[in-house]
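# What the coordinates show
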Amino acid sequence: MDIALIGIGKIAIDQHVPAIAASPDFALAATASRHGTVAGVESFTDIGDLLAARDDIRVVSLCLPPVPRFEAAAKAIRAGRHVMLEKPPGATLAECHTLMRLAKEQKVCLFATWHSREADKVAAAKAWLADKRLISLSVTWKEDVRRWHPGQDWIWEPGGMGVFDPGINALSIVTEILPVDIHLTSATLDVPANRQTPIGADLTFYHPEGAKVRAVFDWRQEGEQTWTIEAVTDAGTLTLLDGGARIQIDGVEDALADDNPLAGEYPRLYAKMARLLTTGGIDMDLRPMIHVCDALALGRRNSVAPFIEQSERRDMKQPLTGILPVAPTPFFEDGRVDEEGMKRVLDCMIDQGVDAICILANYSEQFVLSDEERATLTRLSLEHVAGRVPVIVTISHFANQITVARAVEAQALGAAMVMMMPPYHGVGLVPPEHAVFGQFKAVSDAIDIPIMVQDAPLSGVTLSVPLLVRMAREIENVSYFKMETPFAADKLAALIEQGGEHILGPFDGEEAVTLLADLDAGCTGTMTSALQPEKIRPILVNYRAGNVAAALDQWRLCLPLINHENRQCGLRAAKTVMMEGGVIKSDHVRAPLQPLSPRTKERLLQLSRELDVIALKWGK
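Residues numbered from 1 in each chain as written. Predicted model: local features only at pLDDT ≥ 70, side-chain atom pairs only at ≥ 80, totals over all residues. Heavy atoms only, no water.

## A word on the pairing of strand E11 (residues 226-233)
Successive side chains on a regular strand alternate, one facing one side of the sheet and the next facing the other. Inspection of the sheet shows strand E7 (residues 134-142) paired to E11 by 8 bridges, in the antiparallel sense. Paired with Leu-134 across the two strands is Thr-233, which belongs to E11. Pairing of E11 with strand E12 (residues 236-241) involves 5 bridges; the strand directions are antiparallel. Residue pairing for E12: Ala-231 is matched across the bridge by Leu-238. Joining the antiparallel neighbours E11 and E12 is a turn of 2 residues. (Pairing = 2+ DSSP bridges. Helix = DSSP H or I, 4+ residues; strand = E, 2+ residues; numbered from the N terminus.)

Here it is as structure tokens:
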């Protein structure tokens, strides 16, 4: 029988395509996917087009992520097709019940698959437990998300389920092997500060006969992966290992265990689908999903360190994008530099999930630092960050010789990039364009790392778009631009249009107060303060993913604090919040700068608490 596969991603390529190829019941006749295809198989980019063009295909197998799956499944059912669903069967229980109703109305088969139930020893475990009295059952499901879901951002978004994506596999086995139903009583969920779904979960269940039932899921496991279920009974202990591929009774291994834990799971699912087509009906066991929904409803959430993909920790071989906040420079109350506090600032920023850190910028109070202090902070910061994220060192100075020396030192200590404003020293001492060009060229000739041009009103120097384009084309290392001038979006758009491939990194500044307009103009990142980067970063991620509505919603959420910082607090905001959050001991600013008024500080902390920013609690 011909079958269509919808959603050609990792699970489809790794499991479904080989299983269909080996099936005596099905032949892969077509696919529908926005990007993926299968060689030699007719492909469509939309399921509606496939259903209209291939009326001869009566069965579809859906491998889409949970959130978009309902619409595709409903289309297929309404078109009179039999539907097979990858786990979980939907993003919500209500969706699943709607699909069941539609399938009943259309008189088609609907199969919610749970592939882990088809692991080699699950049936044997079910049979062994059938006549035993359960004393306790513990589930340990720990794996490395970077290994199994590399770059799959949807798992971290609402509906993506996070660690419950593999955890529901364990729950599907538990609900299969236990002879009685259980239900959740409590849950603790570890949610990364920069994500929407949990990375860890600890669940406790009620068992009608008093047995203790607990499940622990964790996506932070490195090295050996663990998929184990242990059932202690009145007649001994049963242990399922490797996700149900192996079984032990009282520690004795079953000699018939399969060497390949996954070999039979998907072929067995397709064999079940073939049998369902023969008998007719709906096979939709929602118990595993009920447990997940209960955990998300009852779970107490712990905010944990942001999760950063390895691919997001870019080296400078690829264009740097994302959020690159400026690190504040902490001082003691007597004005001395707080070096240990500086280390804590950097650690906090890394935990905020930043893509890079900029040091010694205007928001670092570079203009009140001595040359000796600058050198100390440059070395301390680069050594302490130690490559965890790229570090950008600000090197601005009026004198070419000093600017070049700072750039050479920064590169020698491991900086990934340098940032500089044009030479300036007050409105009466503004160099001509050829001198500005000359300073940037002198720096570029002395180093091999990228240069970010900071176009800020503070300098008093006007950098025209033609000059910036010329610098990008003719100065080897000039390729990044931070726009903080009035009407920055228009200037960014013109720069990108005229500079083309020479503009690697068009960036926004000004605490992201104009970020949406600048993203519309084509910017690829922002350099904010360290106040709330974990809240601003999702704006960039969503916008780049094409989810402009979500980006706009997040920007609206952040905007009151952005505006208060930009218009009322300036560089003092991040320091004040970090002091309140125990990151640093003092929010002291060096004279002639003045501290925030109590009124402004009170509003700043109120807005920060409402957003639950990491800096406000990191040190507590």
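There is more to say, and it comes next.
## Re helix H3 (residues 66-78)
Here H3 spans 19 Å end to end across 13 residues, near enough to the 18 Å set by a 1.5 Å rise per residue. The complete set of buried residues in H3 reads Pro-66, Arg-69, Ala-72, Ala-73, Ala-74, Ala-76 and Ile-77. If you follow the buried residues of H3, they end up packed against helix H2 (47-53), strand E4 (59-62), strand E5 (82-85), helix H4 (93-106) and strand E6 (110-112). (Expected span 1.5 Å × (residues − 1). Buried < 20%, exposed > 50% of the residue type's maximum accessible area, 1.4 Å probe, protein only. Contact = heavy atoms within 4.5 Å.)

## Thoughts on the sheet that holds strand E10 (residues 212-218)
In spatial order, the strands read E14-E13-E12-E11-E7-E10-E9-E8-E16; together these 9 strands make up an open sheet with mixed pairing. Looking at strand neighbours, the two that pair on one side only are strand E14 (252-253) and strand E16 (300-304), the edges of this open sheet. In terms of strand pairing, strand E8 (residues 183-192) meets E16 through 5 bridges, oriented parallel. Counted as the bridge partner of Asp-190 is Asn-302 from E16. The strands touched by helix H5 (residues 122-129) within the sheet are E11, E12 and strand E13 (246-249), with E12 carrying the most contacts at an inclination of about 165°. In the packing of helix H7 (residues 164-177) onto the sheet, the strands contacted are E7, E8, strand E9 (200-206), E10, E11 and E12, and the crossing angle to E7 comes to about 155°. (Axes fitted to C-alpha atoms, helices over the stretch in contact; angles between N-to-C directions.)

## Regarding the side chain of Arg-406
With respect to the helices and strands, the residue Arg-406 is situated in helix H12 (residues 400-413). Exposure remark for Arg-406: the relative accessible area of 13% places this residue in the buried category. When residues no more than four places from it in sequence are discounted, the contact partners of Arg-406 are Asp-371, Arg-374, Ile-395, Ser-396 and His-397.

## Observations regarding the packing of H3 against H4
Helix packing geometry: the angle between the two helix axes and the distance between the axes. One way to put it is that H3 packs onto H4 with a least axis distance of 10 Å and a crossing angle of 10°. One element, H3, and the other, H4, form an angle in the roughly parallel class. Residue-level contacts link Pro-66, Phe-70, Ala-73, Ala-74, Ile-77 and Arg-78 of H3 to Glu-95, Thr-98, Leu-99, Leu-102, Ala-103 and Gln-106 of H4. Residue composition of the contact of H3 with H4, by class: 8 nonpolar, 2 polar and 2 charged. (Parallel < 35°, antiparallel > 145°, perpendicular 65-115°, else oblique. Nonpolar A, V, L, I, M, F, W, Y, C, P; charged D, E, K, R; others polar.)

## What to know about the packing of helix H10 (residues 339-351) against helix H11 (residues 371-385)
Where H10 contacts H11, the axes come no closer than 10 Å and their chain directions differ by 45°. With respect to H11, the element H10 is oriented oblique. In this structure, the crossing between H10 and H11 has a hand that is right-handed. On H11, the residues touching Glu-339, Met-342, Lys-343, Leu-346, Asp-347 and Ile-350 of H10 are Thr-376, Leu-377, Leu-380, Ser-381, His-384 and Val-385. (Left-handed = near helix turned anticlockwise from the far one by under 90°.)

## Focus on the confidence of the model for the chain
Summarising the model, the chain shows a mean pLDDT of 93, and 96% of its residues fall at 70 or more. Per-residue pLDDT stays below 50 along residues 256-262; that stretch engages in 9 contacts with residues further than four places along the chain or on separate chains. Note on residues 311-315: pLDDT under 50 across the span, and 10 contacts to partners over four residues away in sequence or across chains. (pLDDT = per-residue confidence, 0-100.)

## Observations regarding the sheet that holds strand E19 (residues 391-394)
Spatially, 8 strands are ordered E17-E24-E23-E22-E21-E20-E19-E18 in an open sheet, and the strand pairing comes out parallel. Each having just a single partner strand, strand E17 (322-323) and strand E18 (357-359) make up the two edges of the open sheet. Strand direction decides the pairing type here: strand E23 (residues 505-508) and strand E24 (residues 525-526), joined by 2 bridges, are parallel. Along E24, the bridge assignment pairs Asp-508 with Thr-526. Of the strands in this sheet, E18 and E19 are in contact with H11, which crosses E19 at around 175°. Those strands touched by helix H15 (residues 488-499) are strand E21 (451-455), strand E22 (478-483) and E23, and its axis lies near 165° from that of E22.

## Overview of the packing of aromatic side chains
Enumeration over the complete set of coordinates arrives at 5 aromatic pairs. With a centroid separation of 6.0 Å and an interplanar angle of 70°, the aromatic rings of Phe-26 and Tyr-270 are classed as edge-to-face. Of this pair, Phe-26 sits in the loop between helix H1 (10-22) and strand E2 (27-32) while Tyr-270 is found in helix H8 (residues 265-279), placing the two residues 244 residues apart along the sequence. Each member of the pair, Phe-26 as well as Tyr-270, carries the same accessibility label: buried. Between Trp-148 and Trp-227, the ring centres sit 5.7 Å apart and the planes meet at 70°, which makes this aromatic pair edge-to-face. (Phe/Tyr/Trp six-rings, centres within 6.5 Å; stacked < 30°, edge-to-face > 60°.)

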